[in-house]
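Each chain, letter by letter, is given below.
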Amino acid sequence: KYQWLLNVITWFINLVADVGVGIMLFTLALKLITLPLDIFSRASMKKNALKMEMMRGDLEKLQKQYANNKQLYQQKMMALYKKNGYSAFSACLPTIVTLVFFFIVIGAFNSYSKQTDFQVFKDMGAAYDAQLTQTIDANGDSIVYNDEDKSYSINLDFVLNKEDYRKYFTVVENMSVTDENRYILRSDLTAEEVEFIKTYLGITDENFELNDDNRKANSVNFVKKAAEKYDDEYILTDARKAAADTYESNRSKSVVFPWVKNLWVVDSPFKPAIPTYSNLSSTLYGKNGNPSFTEDKYNELTADLDKYKQTGFGKGNGLYILVALSILTMHASTLIMNKTQKTQMELSTVDGANGQAAMQQKMMTWMMPIMFGIFAFIYSAGFSIYMVTSSILSTCFTLLINFCVEKSFKNKLAKEDAVKNEKPRYGKRR
């Protein structure tokens, strides 16, 4: 749906090799594309404000004259607007187009963040599998590899011998070396040996006795634990490290926003930098409905990334800085826009500064920043960077356009006054 826009975002990020800077450049490019609309919209607003200021005296008289007749005031006001070339709707269409762009970009960033995080996990999976294959090749005696489903099992004989645990067991010779039921704890173990087994299995019952009723279950538990421990220490360690190193290298970070560990997650101390399996699940499934990898595989890939799973100040994905900047920059932009439209709000109704339009404008001064804050709280830090950059650029463009329009308007008035003053004045013939 947003693939063309995703390609543009990717191009800018790859151009500078920094996600934060890439987003800012993308925002600038988008602003330059919509600049003609912004110029038209803001220039129209400023011209209207200047024309309204010229009509202030007449409108204030009308407000006093028709203080008790709002409908008649509106009719007289519209007649005065027409006479002075004032158009209240000239800036609406560009503003609507800009708003449509904003919501398209929300969807694009949301899709991009999911795709990027998922791609990072795919790269982690590739690094994990490659290293695991290498480790398996180097540890052929300790595992039994299954070519059919590309899986492996621990050679329990190898592990029990390596750790000197086989002396505790009798062995059923006609069973596979990967079958936990092949090993049965001996019935003639000494008290010291039973105590060791209790400790190894974490059994705290002081009255525990190894007997015929629990011998098989404890045998399986012991062998499974030994196999898992060996798997963790000798087989999976390097693969997990390879996945972690890949994440460190490919995670979406920026030198400009160093406090955010993953720019495609919310800038919040209460959000982990690594998306959870459930958060990734919407992008895990292919066209056939089968997941690209299971939750167990996800847990394996993130086994050495606990610091990115933590939450809390200094531990989570951010510090709410971009959320605060989204609110502050939008508030500043709204204040400047409101200042431009102050005269219109005061004179567009017979009630003046206490009228409905003026009250709505004051309310928008707070509503827009709050809305941007909510967006920053819901969507990714990357989208927050877009909003902050967009607000700063909008504010700069507004100030520049207002300055140019006001200067041009005053020059135009000065020329008109000069023309009037140069016209010859003739008195009545006596």
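Residues numbered from 1 in each chain as written. Predicted model: local features only at pLDDT ≥ 70, side-chain atom pairs only at ≥ 80, totals over all residues. Heavy atoms only, no water.

**Remarks on the overall build of the protein chain**
Here is the rule we go by: Runs of H or I in DSSP of at least four residues are treated as helices and runs of E of at least two as strands, each being numbered from the N terminus. A simple rule labels every residue: compare its accessible area, found with a 1.4 Å probe on the protein chains alone, to the largest value its type can have, and call it buried under 20%, exposed over 50%, or partly exposed in between. Contacts are assigned to residue pairs that have any heavy atoms within 4.5 Å of one another. Areas reported as accessible are Shrake-Rupley estimates using a 1.4 Å probe. Residue values count occlusion only from the protein chains shown.
Secondary structure assignment for the protein chain yields 15 helices and 4 strands. Here the protein chain holds 430 residues, and the buried ones make up 43% of them. For the protein chain, contacts bridging at least 24 residues in sequence account for 72% of all contacts bridging at least 6. Accessible surface computed for the protein chain: about 24,400 Å², of which carbon and sulfur atoms make up 56%.

**Comments concerning the pairing of strand 2 (residues 151-154)**
To be explicit about the condition: Note on pairing: two strands pair once DSSP finds at least 2 bridges between them.
Burial along strand 2 is one-sided: Tyr152 and Ile154 are buried, while Ser151 and Ser153, pointing the other way, are not. For strand 1 (residues 143-146) and strand 2, the ladder comprises 4 bridges, and the chain directions are antiparallel. Note that in strand 2 the partner of isoleucine 143 across the bridge is isoleucine 154. Linking strand 1 to strand 2, which pair antiparallel, is a turn of 4 residues; within it lysine 150 sits at a positive phi near 55°.

**Here we look at the packing of aromatic side chains**
The following threshold applies: Pairing of aromatic rings covers Phe, Tyr and the six-membered ring of Trp, with a centre-to-centre limit of 6.5 Å; geometry is then stacked below 30 degrees between planes, edge-to-face above 60, and tilted otherwise. Throughout this description, the term charge over a ring refers to an Arg CZ or Lys NZ atom that lies within 6 Å of the ring centre and within 35 degrees of the ring normal.
This model, assessed by the stated rule, comprises 35 aromatic pairs. Arranged with centres 5.5 Å apart and planes meeting at 85°, the rings of phenylalanine 270 and phenylalanine 313 form a pair that is edge-to-face. Taken together, the residues span a long stretch of sequence, with phenylalanine 270 in the loop between helix 9 (215-250) and helix 10 (277-284) and phenylalanine 313 in the loop between helix 11 (295-301) and helix 12 (321-340) at a distance of 43 residues. Taking relative accessible area as the criterion, phenylalanine 270 reaches 49% and is therefore assigned partly exposed. Owing to a relative accessible area of 57%, phenylalanine 313 belongs among the exposed residues under this scheme. The ring centre of tyrosine 234 lies 4.9 Å from the NZ or CZ of lysine 162, which sits over that ring.

**Notes on the packing of helix 1 (residues 3-16) against helix 2 (residues 19-33)**
Note the threshold: Inter-axis angles, ranging from 0 to 180 degrees, are taken between N-to-C directions of lines fitted to C-alpha atoms, where helices are fitted over the stretch in contact. Angles are sorted into four bins: roughly parallel if under 35 degrees, roughly antiparallel if over 145, roughly perpendicular if 65 to 115, and oblique for all others. The crossing is said to be left-handed when, going from far helix to near helix, the turn is anticlockwise and less than a right angle, and right-handed when the turn is clockwise. Side-chain classes follow a simple rule in which Ala, Val, Leu, Ile, Met, Phe, Trp, Tyr, Cys and Pro form the nonpolar group, Asp, Glu, Lys and Arg form the charged group, and the remainder, Gly included, forms the polar group.
Interhelical geometry of helix 1 versus helix 2 gives an angle of 125° and a closest axis separation of 8 Å. Here helix 2 runs oblique to helix 1, going by the angle between their axes. As for how helix 1 packs across helix 2, the hand of that crossing is right-handed. Note on element contacts: helix 2 touches helix 1 through Val19, Val21, Gly22, Ile23, Leu25, Phe26 and Ala29, opposite Leu5, Val8, Ile9, Phe12, Ile13 and Val16. For the contact of helix 1 with helix 2, a count of residues per class yields 12 nonpolar, 1 polar and no charged.

**Focus on unusual backbone geometry**
For alanine 17, which is not glycine, the phi torsion reads 55° and is therefore positive. In this fold, alanine 17 is placed in the loop between helix 1 and helix 2. On the basis of relative accessibility, which here comes to 72%, the residue alanine 17 falls in the exposed class.

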